Amino acid sequence: MLEEVGKEKMKEIVLLYDPLEEETVQNEIVPAFEGHTVQFIPFRQDDPKCNFIHEESFVVTYLTDVQLTEVVAGAALKKWTIGFLPHPGMIQARQGYGIATNLDNAIEDILQNKKEIKSDLLLCNGIPVFNKVVIGNSLSLMTGSVSKNTFYSSLEKAVEFFKQSKSLQPRAFTITAENKKPLQTAALGIIAVQHGKSTLLSRKLIKNSFINDGRLHSLILAPKSITELLRFSFSSFFNDENGKLPSFIGHIKASSITISSPTPMDYTQDNNLLSAKEIDLRISVNKFLIIPGRHLVADNSADGADDKYRVSALPTGEEHLVEITARPLPFIYHASTEEFKGLFQVLRDNAKATGSYLTLMVLSSLLATFGLFANSSPVIIGAMILAPLMAPIISLSMGVLRQEKKLMIRSARTIGYSLLLGYLAAILVTLIIPLQSINDEIIARIKPNLIDLGVAIVSGIAGAYAHARSEVAKTLAGVAIAVALVPPLAVSGIGIGWGDWQVFTGALLLFSTNLAGIVLAGIITFLLLGFSPMHLAKKGLVISILIAIIVSLPLGYGTLTMITNYNVVRSLNESQVGDITIKEVSVIRGSDPMALRVTLVAYKPITESDIDKVKQSVTDRLGREVELEVLTSIRR
């Protein structure tokens, strides 16, 4: 029973209530406490610290957040034990202390709970904080109440966020945590909470946090673009709470944090709008006893928890901070000067036709040509990995994007050298090897279609992204395998060596497809990553799209041919003509008359008359003349 809660200290319950809620107190609360020794006292505005309540009392409150702010400030000094009832105006404290929303449930929790806990008290410029402090107006998508996490609430926040998105601008902050040097950074906003269960954002990112561990938490939000912020907000609805910080959020866990800014900061403390040039956040040295709500997690061994100082994701450097704070948050990330300098130097180096590059180009072309003649996929894959051709094409993308003539010319020259060396190597091997048969590996590279353009575009995106993000550069080998630049070049050279126009043009079209797709995808990727403003990128983007469209025209024809051939194979395969089964159908030539390779299976030897019947049946089924290359087999 309730009298057992600290009964050596407390002989009766003091119910401190809002006088404006007298009716609720009399009709609902008084009957619920029947059978317990309770003193009912209305809160007096002229005595907010309630000096008339004795020390070491057990106080149950039915007050608003504002009234509670006055009460809890002195509760620790008076050694009160406090239990909370959910007043309609007690929103922030209810969330912060995990109090049940339903009044009957909250009363039940107090009556059945036999153990109080020591609670920390978060102070913001000396004023108690029950739930959160939010600096800046940009966190509405992520800092909402955990008790109001509904679809409509999220929709309202999203609408409000989009209304404000054009005015979101990072500002400079100096953040000083206990025993740490001042950190100068720029952020869109900062949220401070006493424990991780206060808000949607802190609940997802802060783990092993308790109301009695002597620490507060500060999450510093420094996204590089609105799209990055939205991406995290969207993914948060589907990801579990894993405590992993996004790349743009810093986390400081300490007993005190001071935040200052050159100009006054607008901030909300438990949804009350305030302003200050300096905000002092600290955990009060005096703890007070509370009866925890059913939703509050406490740990009696949490006192003395370790500090955390994870700020490596935050922007620093005077020049960089000036650049960030000078303009609103962009919708698409604009690369910093340092990032752009680093990438541009890499791309300039990649555009050079160095001796090592030319040597690798010759070796990869020779290896690809031998692999094609040997009909060996492993050898061809080895040539793909060895080929260096992807590097200058990605450099060309950046040159076209930013209209950098020197980079475009240097990249185009290197690609031209690559073509020349690739052709010479392929022609040389073709003239040496006395073979002139089209195998599967060669056929696969002389009939390009729109699927090949899709592969090139995706590979171009991956290649540009891998160059822009050093941490994923190791994937470039996989990109080289996927897009396969050198094998179609080698096949085109084989076509020249054979004097076969169809092989030469088909493979050259595939190479051109890969080149156009990679350049276009690289331009779009670098643009989205913020390496060029739209007004500068417009010309190169339009030209690249037009080239891709021109290349797509013959690819569209190839795609239609592929679909037609697939339908022919599907309609004929396993079909019956009398006792004969048609199997292993493949299209040798799609033009009239269509040439097909088939295997005919029967229980007795197949005669020429039987083949004529099969040919006529196929002609009738397809509605066009056909030529058959037949292999027969007797079923046993």
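The structure presented is a predicted model; accordingly, all values stated were derived computationally and were not measured.

Caption draft 1: Spotlight on the overall build of the protein. In terms of helices and strands, the protein carries 20 helices and 21 strands. Counting all 636 residues of the protein, 51% fall into the buried class. A sequence separation of at least 24 residues applies to 74% of the contacts in the protein between residues at least 6 apart. Carbon and sulfur atoms provide 57% of the accessible area of the protein, an area that totals close to 30500 Å².

Caption draft 2: Fine view of the sheet that holds strand β18 (residues 576–577). Across the sheet, 4 strands lie side by side as β18-β19-β20-β21; this open sheet has mixed pairing. Each edge of the open sheet is held by one strand with a lone partner, namely β18 and β21 (626–634). Looking at chain direction, strand β19 (residues 580–589) and strand β20 (residues 594–602) are connected through 6 bridges and run antiparallel. Paired with Lys-583 across the strands is Thr-599, a residue of β20.

Caption draft 3: How the structure looks around a negative patch on the surface. The grouping of Glu-23, Glu-28, Asp-104 and Glu-108 at the surface amounts to a negative patch. Listing elements by their share of the negative patch, those giving two or more residues are α1 (22–32) and α4 (103–112). Its place among the elements puts Asp-104 in helix α4.

Caption draft 4: Examining the pattern of salt bridges more closely. The final tally for this structure, using the stated rule, is 9 salt bridges. A salt bridge links Arg-215 to Asp-307; the nearest nitrogen and oxygen atoms lie 2.5 Å apart. With a gap of 92 residues between them, Arg-215 in the loop between α6 (200–205) and β12 (216–221) and Asp-307 in the loop between β16 (288–290) and β17 (308–310) connect regions that are remote in the sequence. The salt bridge involving Arg-597 is made with Glu-629; its shortest N-O contact spans 2.8 Å. Separated by 32 residues along the polypeptide, Arg-597 in strand β20 and Glu-629 in strand β21 bring together distant segments of the chain. With a relative accessible area of 38%, Arg-597 lands in the partly exposed category.

Caption draft 5: Quick look at the nonpolar core. Counting 56 residues, the largest nonpolar core has Met-398, Phe-526 and Phe-531 as its most contacted members. It is helix α18 (residues 501–528) that provides the largest number of residues to this core, a total of 10 residues. Leave out the neighbours within four places in its chain, and Met-398 touches Leu-343, Phe-344, Leu-347, Leu-407, Phe-526 and Phe-531.

Caption draft 6: The packing of aromatic side chains, seen in detail. In total, this model carries 7 aromatic pairs according to the counting rule given. Ring geometry for Phe-84 against Tyr-97: centres 4.8 Å apart, planes inclined by 5 degrees, an arrangement best described as stacked. Taken as a pair, Phe-84 in strand β4 (residues 81–84) and Tyr-97 in the loop between α3 (92–96) and α4 lie far apart in primary sequence, 13 residues in all. Each of the two residues, Phe-84 as well as Tyr-97, counts as buried.

Caption draft 7: A look at the side chain of Ser-411. Within the secondary structure, Ser-411 is located in helix α13 (residues 405–432). The residues touching Ser-411, leaving out its near neighbours within four places in the chain, are Ala-351, Pro-392, Ser-395 and Leu-396.

Caption draft 8: Region of the structure containing helix α11 (residues 377–386). Looking at α11, one finds that the buried residues are Ile-380, Ala-383 and Met-384. On an axial view of α11, the arc spanned by its buried residues comes to 105 degrees, and they lie on one face.

Caption draft 9: Structural context of the sheet that holds strand β2 (residues 38–42). Spatial ordering of the open sheet is given by β2-β1-β3-β4-β16-β5, a layout of 6 strands whose pairing is mixed. Sheet topology places β2 and β5 (117–119) at the edges, where each strand pairs with a single neighbour. With strand direction ignored, the average angle separating the axes of adjacent strands in the sheet is 35 degrees. Bridge analysis of strand β1 (residues 13–17) against β2 gives 5 bridges, and the strand direction is parallel. Across the sheet, Tyr-17 pairs through a bridge with Pro-42, a residue of β2. Relative to the sheet, α1 contacts β1, β2 and β3 (58–62), its axis offset from that of β1 by approximately 145 degrees.

Caption draft 10: The environment of Ile-41, seen in detail. Tracing the chain through its elements places Ile-41 in strand β2. Taking the relative accessible area as the measure of exposure, Ile-41 reaches 11% and is therefore buried. A sequence separation of 11 residues divides Ile-41 from Phe-52, and the C-alpha atoms of the two residues are 9.9 Å apart. Excluding anything up to four places from it in sequence, Ile-41 contacts Val-14, Leu-15, Leu-16, Tyr-17, Phe-52 and Ile-53.

Caption draft 11: Molecular detail of α1. Regarding α1, the residues found buried are Thr-24, Val-25 and Ile-29. Along the long axis of α1, the arc covered by the buried residues comes to 90 degrees, so they all point the same way. Turned more than 90 degrees away from the buried face of α1 sit Glu-23 and Asn-27, all of them exposed. Looking at the buried side of α1, the elements it contacts are β1, β2, β3 and α4.

Caption draft 12: Focus on unusual backbone geometry. A positive phi angle, near 50 degrees, is found at Asn-125, a position not held by glycine. Overall, Asn-125 belongs to the partly exposed group, its relative accessible area being 35%. For Asp-270, which is not glycine, the phi dihedral falls at a positive 50 degrees. Classification of Asp-270 as buried rests on a relative accessible area of 9%.

Caption draft 13: Looking closely at the side chain of Thr-599. Positionally, Thr-599 belongs in strand β20. In this structure the side chain of Thr-599 is engaged in a polar contact, spanning 3.2 Å, whose partner is the side chain of Glu-584.

Caption draft 14: Fine view of a nonpolar patch on the surface. A surface patch of nonpolar side chains, about 430 Å² in accessible area, is lined by Ile-451, Val-455, Leu-560, Met-562 and Ile-563. Of all the elements in the fold, those that place two or more residues in the nonpolar patch are α15 (450–468) and α19 (534–572). Tallying contributions element by element places α19 first for the nonpolar patch, with 3 residues. Looking at the secondary structure, you find Met-562 in helix α19.

Each value, and the rule that gives it
Residues numbered from 1 in each chain as written. Predicted model: local features only at pLDDT ≥ 70, side-chain atom pairs only at ≥ 80, totals over all residues. Heavy atoms only, no water. Helix = DSSP H or I, 4+ residues; strand = E, 2+ residues; numbered from the N terminus. Buried < 20%, exposed > 50% of the residue type's maximum accessible area, 1.4 Å probe, protein only. Contact = heavy atoms within 4.5 Å. Areas by Shrake-Rupley, 256 points an atom, 1.4 Å probe, with all protein chains shown as cover. Pairing = 2+ DSSP bridges. Patch = residues over 30% accessible without salt bridge, like charges linked within 9 Å, V, L, I, M, F, W, Y side chains within 5 Å. Salt bridge = Lys/Arg side-chain N within 4 Å of Asp/Glu carboxyl O. Lys, Arg positive; Asp, Glu negative; His and termini not counted. Charge placed at Lys NZ, Arg CZ, Asp CG, Glu CD. Core = buried A, V, L, I, M, F, W, Y, C linked by side-chain atoms within 4.5 Å. Phe/Tyr/Trp six-rings, centres within 6.5 Å; stacked < 30°, edge-to-face > 60°. Arc of directions from axis to C-beta. Axes fitted to C-alpha atoms, helices over the stretch in contact; angles between N-to-C directions. Polar contact = N/O pair within 3.5 Å; in protein donor to acceptor, adjacent residues only side chain to side chain.

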